[in-house]
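One-letter residues, chain by chain:
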Amino acid sequence: MRNPIHPAALFPPAGGVPAALRQQYASAGHEHLDSQGLVFPADLQLPGLSSLIQESWRRSAQLHANPDNPEAPLAMDSEELEEYRRQHPLAAIMPVIHKLLVLPSHDSGMLVAVGDEVGRLLWVEGDAEMRRRAEGMMFVPGADWSEATVGTSAPGTALALGRGIQISGAEHYKRSVHPWSCTAVPFHDPDSGAVLGVVDITGTESAVAPHTLSLVEATVAAAQAHLRVERLQLAAAKQSSPARRRGVAAAGTGRGADHSGTGGSAGSLYRNSLQLLGRDQALLSIDGRTVALSARHSEILALLSTHPEGLNAEELCALLYPGDASTMTLRAEMVRLRKVLQQLNPAAVPESRPYRLPLDLVPDSGQVLNCLQRGAHRIALEIYRGAVLPRSEAPGIAGLRSRVSSLLRDAVLTDGSAESLLRYAELPEARDDVEVRTAALKLLPPRSPKRAAIVADLERLEAELSA
C-alpha cells in the first residue's frame with residue numbers, strides 16, 4: 001500500500017515559525033533550563049517557544065521528569081501487558097488503526113503507537129528499522145510515556161491537554177527524544193466521552209507535517225465509530241436467542257476469545273465505570289449496561305472501588321457509617337446490593353471476607369486523581385462534574401470528596417490558565433472562592449471582556465462578607 005504520509009516541508013503553514021528556527025529556539029531553551037538547574041518558574045518566558053511547549057516544560061519540571069534519563073521506564077512486563085491489552089477497549093479498534101496507519105507506515109520510516117489513558121504504550125508498530133531505533137529510548141509496548149514520567153512528548157502531552165498536538169525534535173523535554181518528532185490525538189469513548197487512550201505517529205520531520213495531525217484525527221474518528229458499531233452489534237447479539245447469548249457470555253470470559261484485537265468481546269469493548277461526581281446516586285456501568293444505584297449502594301461501591309484490595313466488615317463499616325454501627329446492618333445492606341448486581345451482571349457481585357469487587361471498576365473520581373497525579377489538570381477539570389456524592393455523610397466518602405476537591409483546586413491554582421480558573425469558578429463548590437477569581441483576574445489581559453464579570457463576582461463576595 002502506498003504511504004499517504006510523505007516527507008514534511010521545513011516550513012509550517014503561512015504565519016508559523018520555520019521548523020529549523022523552532023529547533024534553534026528549543027535548543028536555546030534547554031540550555032537556559034540547564035543553567036537554572038531545571039527550575040522553570042511561573043514568570044519565566046523562553047523566547048521563540050510556543051506557549052504550549054513552555055507550559056508543558058513547566059509541568060515537566062514541576063513533576064521532576066528527568067530530561068537526561070535516556071529511557072522511559074517499563075510499567076508492565078510482557079505477561080501483564082498481554083492480559084491488559086486483551087481486556088482494554090482499545091483492542092477493538094486496532095484493525096482500524098492497522099489499516100489506516102500501520103500498513104502505510106511500513107515503508108515510510110514511521111511508527112504508530114497506541115497508549116492507554118495514563119500514557120502507557122500498549123502497541124507500537126510500523127517500520128521495523130525505526131522500531132529497533134526506538135527501543136533505545138524505550139518507546140516500546142509497556143513503557144510509560146506520560147508527561148509526568150518523560151516530560152513533553154506527543155502521547156503524554158496530548159493526554160495532559162486533552163487534544164491533538166505535534167511535538168518536533170528538541171521541543172521534547174527528554175534529550176534522547178530530540179532526533180524524533182511526533183503527532184498524537186487522544187481517543188475518547190464514543191458513548192461516555194471519557195478518555196480511553198491516545199493514538200500517536202512518531203518518526204522524523206514527516207511525523208509533524210501539517211496534514212499528519214488531520215490524518216490521525218480522522219483515524220481516531222473512524223476508530224471511535226468502529227467501536228460504537230462493535231458495541232451495537234454486541235448488544236444485538238445479547239438480545240438474540242438464549243443459545244446465542246450463552247455464546248456471547250462465554251466469549252466475554254476470555255475462553256477461546258480473540259486476543260489479537262481484531263474482534264470484540266464484552267470485556268474489550270467497555271470500560272466498567274462508576275459515576276460519582278456531582279450526583280447523589282451513582283451510575284454503575286458494566287459491559288455496556290447502566291443502572292442507577294441507591295445512595296447507600298453508591299457509597300458501598302465507591303468505597304470498594306477505591307480499595308481494590310478489599311475491606312473487612314469492620315473496616316467497611318467504619319468508612320460507611322458516621323457513628324457506631326453493627327456489622328449486621330452492613331451485611332443486610334450487602335445482601336440487597338448483591339441482588340441488584342446479580343440482575344445487572346453476576347460477575348460484578350462482591351466477594352466476602354474481605355468484601356472485594358471481582359472486576360475492575362473505574363470511578364470517575366479515580367480518573368480525576370490519576371489525571372492530577374500526572375499533571376493533566378485540564379482533563380481532570382473536564383471529567384470533574386462536581387463533588388463526590390455531595391450529600392453523603394459516610395466518613396470514607398467525605399474523605400474522598402475532600403481529597404479530590406482540594407487536589408483539583410490546588411492544581412488549578414498552581415498550574416491553571418485563566419480559562420481553567422474561570423471554568424473551575426463555575427463549579428458549585430467554587431461559588432464563593434475569592435482566591436480563584438483573584439488569580440484569574442491577574443492572568444487575564446487588561447482588555448479582556450471577561451474581567452467585568454469577575455470584578456462583579458468579587459464585589460458581590462466582598463459585600464456578602466461585610467454584611
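In what follows, the accompanying structure is described. Quantities reported herein were computed from a predicted structural model and do not represent experimental measurements. (Residues numbered from 1 in each chain as written. Predicted model: local features only at pLDDT ≥ 70, side-chain atom pairs only at ≥ 80, totals over all residues. Heavy atoms only, no water.)

1. A closer look at the pairing of strand β7 (residues 283-286)
Working step 1: Strand direction decides the pairing type here: strand β6 (residues 273-275) and β7, joined by three bridges, are antiparallel. By the bridge assignment for β7, Q275 is matched with L283.
Working step 2: Summarising the sheet, β7 and strand β8 (residues 289-292) pair through four bridges and their orientation is antiparallel. Bridge assignment links L284 to a residue of β8, and that residue is V291.
Working step 3: Where β7 folds back onto β8 in an antiparallel hairpin, the turn is made up of two residues, including D287, whose phi is positive at roughly 50°. (Pairing = 2+ DSSP bridges. Helix = DSSP H or I, 4+ residues; strand = E, 2+ residues; numbered from the N terminus.)

2. Re the nonpolar core
Working step 1: Core analysis: the biggest nonpolar cluster contains 85 residues, and L274, L284 and L330 have the highest contact counts within it.
Working step 2: If one sorts the elements of this core by residue count, helix α16 (residues 395-415) sits on top with six residues.
Working step 3: With 27 residues, the next largest nonpolar core counts M94, F187, I201 and A223 among its residues. (Core = buried A, V, L, I, M, F, W, Y, C linked by side-chain atoms within 4.5 Å. Buried < 20%, exposed > 50% of the residue type's maximum accessible area, 1.4 Å probe, protein only.)

3. Things to note about the pattern of salt bridges
Working step 1: Counted according to the given criterion, the structure contains 23 salt bridges.
Working step 2: Among the salt bridges present, the one from R409 reaches E435, with a minimum N-O distance of 3.0 Å. Residue R409 is found in helix α16, and its partner E435 is found in helix α18 (residues 434-443); the two are separated by 26 residues along the sequence.
Working step 3: Linked by salt bridges that have partners in common, R431, D432, R437, D457, R460 and E464 make up one network. (Salt bridge = Lys/Arg side-chain N within 4 Å of Asp/Glu carboxyl O.)

4. Details of helix α19 (residues 451-466)
Working step 1: In a regular helix each residue adds 1.5 Å, so 16 residues correspond to 22 Å; α19 covers 23 Å between its end C-alpha atoms and thus fits that length.
Working step 2: Considered for burial, the residues of α19 that qualify are I454, L458 and L461. Along the axis of α19, the buried positions cluster into a sector of 60°, meaning they face one direction only. Projecting away from the buried face of α19 at angles above 90 degrees are the exposed residues A452, A453, E459 and S466.
Working step 3: Against α17 (418-425) and α18 lie the buried residues of α19. (Expected span 1.5 Å × (residues − 1). Arc of directions from axis to C-beta. Contact = heavy atoms within 4.5 Å.)

5. What about the environment of G323?
Working step 1: With respect to the element layout, G323 can be found in the loop between α12 (313-320) and α13 (327-344).
Working step 2: Linking G323 and A394, residues 71 residues apart in sequence, is a C-alpha distance of 9.2 Å.

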